[in-house]
Amino acid sequence: LLDRWILSELALTTRTVVENMDVFRIYEATQALTEFVDGLSNWYVRRSRRRFYPNGLTPDKLDAHWTLYTCLTTLAGLLGPFLPYASEDIWRNLVRRPDASKPLSVHLSSYPTPRSEDLDEELSRVMGAVREMVSLGLSVRAARKLAVRQPLSALTVLLADPELASAVAEHSALISEEVNVKRVEFASDAARYVTYQVKPDFKALGQRLRGDMPKVKALLSQANGGELLAEQAATGKITLDIEGSALELTPEEVQVALQAKDGFAAASGRRGVAVLATELTPELIEEGLYREVLRRVQDLRKQRKLDFAARIEVWVAGDEELLAAVRPRLEHLASETLAEGGLHLSEPPEGVERVEIAIKRRTLVLGLRPV
């Protein structure tokens, strides 16, 4: 599914770039390329990391490599007019080097055309909603200073297009992993989680309303924000009664402020609203501590400049709360860090460097060596 999505995005991007380049809309073409590279790097490659390095040439590993190869070589052609040297470098390494029959330069090759068989606009629409809900969930975490490694109990998704709910729900596990929540729920009634405050856009309405601005501000503040937004969604406008006269306000003439109720934090986007349950139970706190330990082991791997596939042996000691969080998750820790040489809950032995780290005012002691 992930491969089909990125190939569809590649076909859509190619179509958009060609259409805009044909009429010299350079900015629009580069915007499409920028968005594609962001999706390729921060979604496809990141979500496919584990598919790239298993032992052996499994069908899934080959699919991931071939899909990425297709994206990079097509991207080299698309970027030719914009990044001539970088695209030439990609072309010579990935296209010309393995196949000398290919054109000598990317600038001597035909400009890419979209592969119609790869187009799946519905899949792109659904994945766009999934990515936006993830982005909103992470933005809520950042705003409330809730560390991404701290699991939360639930993320509630309220989609602007309810018909998308069943398709987006198929990706609940992906959303749950990205936002680090135990479950993902879908709802249609936002009133349980958030309230909306609708205000006039003074800059947009100043010349038009003049002396009536205070009345409009008062009417909007007293009205039910959710009902006003429902009216706007249904009719494309908000209608107010000002002393017997109907005043119509467009979406551009009002500002909407989202306020989460106690126990929740929320953010809204073009496709809907993401609501996080913010209460932390002892179980969630313990799992959060474990994830901090996992991160520190991974960081130590990087500091030692070990290859991403290198197998290691690990020693973990220190604060009892940290050890209590690690004990029930030893198998997961060993798997995630490639600790095939063993994982020991004890001080590192002589000959293994001892590293002491502070995690939320708790002491963690680590030892690591490659095997």
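Per chain, residue numbering runs from 1 following the sequence as it is written. Residues qualify for local features only when their pLDDT is at least 70, as the model is predicted, and side-chain atom pairs are given and counted only at 80 or more; totals for whole chains, interfaces and linings, by contrast, use all residues. Excluded from the side-chain calculations are hydrogens and water; all other atoms, namely the structure's heavy atoms, are used.

## Let's talk about the overall build of the protein chain
Now for step 1: The helix and strand labels rest on DSSP assignments: H or I over at least four residues marks a helix, E over at least two residues marks a strand, and numbering proceeds from the N terminus. On a plain count of helices and strands, the protein chain comes out with 14 helices and 12 strands.
Now for step 2: Our radius of gyration looks at C-alpha atoms and nothing else; its globule reference is 2.2 Å times the residue count to the power 0.38. Its C-alpha atoms give the protein chain a radius of gyration of 26 Å, clearly above 21 Å, the size a compact globule of 371 residues would have.
Now for step 3: For the protein chain, the spread of C-alpha atoms along the three principal axes comes to 85 × 65 × 35 Å.
Now for step 4: Evaluated residue by residue, the protein chain yields a buried proportion of 42% over its 371 residues.
Now for step 5: Summarising the internal contacts of the protein chain: among those between residues at least 6 apart in sequence, 69% fall at separations of at least 24.
Now for step 6: Computed with the Shrake-Rupley method and a 1.4 Å probe, the accessible areas treat only the protein chains shown as cover for residues. Summing over all exposed atoms, the protein chain offers an accessible surface of approximately 20,600 Å²; the carbon and sulfur share of this is 52%. Exposed residues in this analysis have more than 50% of their type's maximum accessible area, buried residues have under 20%, and partly exposed residues fall in between, with area computed by a 1.4 Å probe over protein chains only. Every residue pair with non-hydrogen atoms within 4.5 Å of one another is taken to be in contact.

## Quick notes on the side chain of Gln 150
Now for step 1: Take Gln 150: it is sitting in the loop between helix H6 (121-144) and strand E1 (152-159).
Now for step 2: For Gln 150, a relative accessible area of 7% gives the class buried.
Now for step 3: Residues in contact with Gln 150, not counting those within four places in the same chain, are Arg 141, Asn 180, Leu 280, Leu 284, Ile 285, Gly 288 and Lys 360.

## Quick word on the sheet that holds strand E10 (residues 343-344)
Now for step 1: Across the sheet, which stays open at both edges, the 4 strands sit in the order E10-E9-E12-E11 with mixed pairing between neighbours. Lying at the two open borders of the sheet, with one neighbouring strand each, are E10 and strand E11 (355-359).
Now for step 2: In this sheet, strand E12 (residues 362-370) lies alongside E11 in antiparallel orientation, the contact comprising 5 bridges. For Ile 357, the partnering residue across the bridge sits in E12 and is Leu 364.
Now for step 3: A fitted line through C-alpha atoms represents every axis, and for helices the fit uses only the stretch in contact; the resulting angles, taken between N-to-C directions, go from 0 to 180 degrees. Docked against the sheet, helix H12 (residues 282-303) engages strand E9 (312-318), E11 and E12, running at close to 40° with respect to E12. At least two DSSP bridges between two strands are required for those strands to pair.

## Side note on the packing of helix H1 (residues 2-22) against H6
Now for step 1: Where H1 meets H6, the axes come as close as 9 Å, and the angle between the chain directions of the two elements is 105°. Relative to H6, the element H1 is oriented roughly perpendicular. Contacts between H1 and H6 involve Arg 4, Trp 5, Ser 8, Glu 9, Leu 12 and Arg 15 from the first element and Glu 121, Leu 123, Ser 124, Met 127 and Arg 131 from the second.
Now for step 2: For this classification, the nonpolar set comprises Ala, Val, Leu, Ile, Met, Phe, Trp, Tyr, Cys and Pro, the charged set comprises Asp, Glu, Lys and Arg, and every other residue, Gly included, is treated as polar. Its residues assigned to classes, the contact of H1 with H6 shows 4 nonpolar, 2 polar and 5 charged. Just so you know how the angles are binned, under 35 degrees is roughly parallel, over 145 roughly antiparallel, 65 to 115 roughly perpendicular, and the rest oblique.

## Section: the packing of helix H2 (residues 26-47) against helix H8 (residues 172-179)
Now for step 1: Their axes nearest at 13 Å, the elements H2 and H8 cross at an angle of 110°. Here H2 lies roughly perpendicular to H8, going by the angle between them. Only Leu 174, Glu 177 and Glu 178 of H8 make contact with H2, whose side of the interface consists of Trp 43, Arg 46 and Arg 47.
Now for step 2: Residue classes in the contact of H2 with H8 are distributed as 2 nonpolar, no polar and 4 charged.

## Observations concerning the packing of aromatic side chains
Now for step 1: By convention, a stacked pair of Phe, Tyr or Trp rings (six-membered ring in the case of Trp) has centres within 6.5 Å and planes under 30 degrees apart, an edge-to-face pair has planes over 60 apart, and any other such pair is tilted. Tallied over the entire structure, the rule returns 3 aromatic pairs.
Now for step 2: Seen in terms of ring centroids, Trp 66 and Tyr 69 are 5.4 Å apart; in terms of plane orientation they differ by 25°. Their pairing is stacked. Here the residue Trp 66 and the residue Tyr 69 both occupy positions in helix H4 (residues 59-79), the gap between them amounting to 3 residues, near one helical turn.
Now for step 3: Judged by relative accessible area, which is 59%, Trp 66 ranks as exposed.
Now for step 4: For Tyr 69, a relative accessible area of 27% corresponds to the partly exposed category.
Now for step 5: Residues Tyr 193 and Phe 264 carry aromatic rings whose centres are separated by 5.2 Å and whose planes lie at 85° to one another, so their mutual orientation is edge-to-face. In this pair, Tyr 193 is assigned in the loop between strand E2 (181-186) and strand E3 (194-200) and Phe 264 in strand E7 (residues 264-268), connecting sequence segments 71 residues apart.

## Things to note about the layout of surface pockets
To find the voids left in a structure, one rolls a probe of water-molecule size over its atoms.
Now for step 1: What the largest pocket holds in volume is close to 1,500 Å³.
Now for step 2: What lines the largest pocket is a set of 35 residues, and nearest its centre among them are Arg 49, Arg 50, Leu 294, Gln 298 and Glu 336.
Now for step 3: Of all the secondary structure elements, the ones that give two or more residues to the lining of the largest pocket are H2, helix H3 (49-52), H8, E2, H12 and helix H14 (330-337).
Now for step 4: Looking at the lining of the largest pocket element by element, the count peaks at 9 residues for H12. Cavities and pockets are found on a 1 Å grid laid over the protein atoms alone: a cavity is a set of points where a 1.4 Å probe fits but cannot escape, a pocket is an open set with protein on both sides within 12 Å along at least five of seven lines, and a lining residue has an atom within 4 Å of such a point. Grid points are joined across faces, edges and corners, and a volume is the space filled by probe spheres set on the points.

## Some details on the pairing of strand E4 (residues 238-242)
Now for step 1: Going residue by residue along E4, you find Ile 238, Leu 240 and Ile 242 tucked away on one face and Thr 239 and Asp 241 left uncovered on the opposite face.
Now for step 2: By the bridge criterion, 5 bridges tie E4 to strand E5 (residues 245-249) in an arrangement that is antiparallel. Across the sheet, residue Asp 241 finds its bridge partner in E5, namely Ala 246.
Now for step 3: In this antiparallel pair of consecutive strands, E4 and E5, the connection spans 2 residues, and Glu 243 shows a positive phi of 50°.

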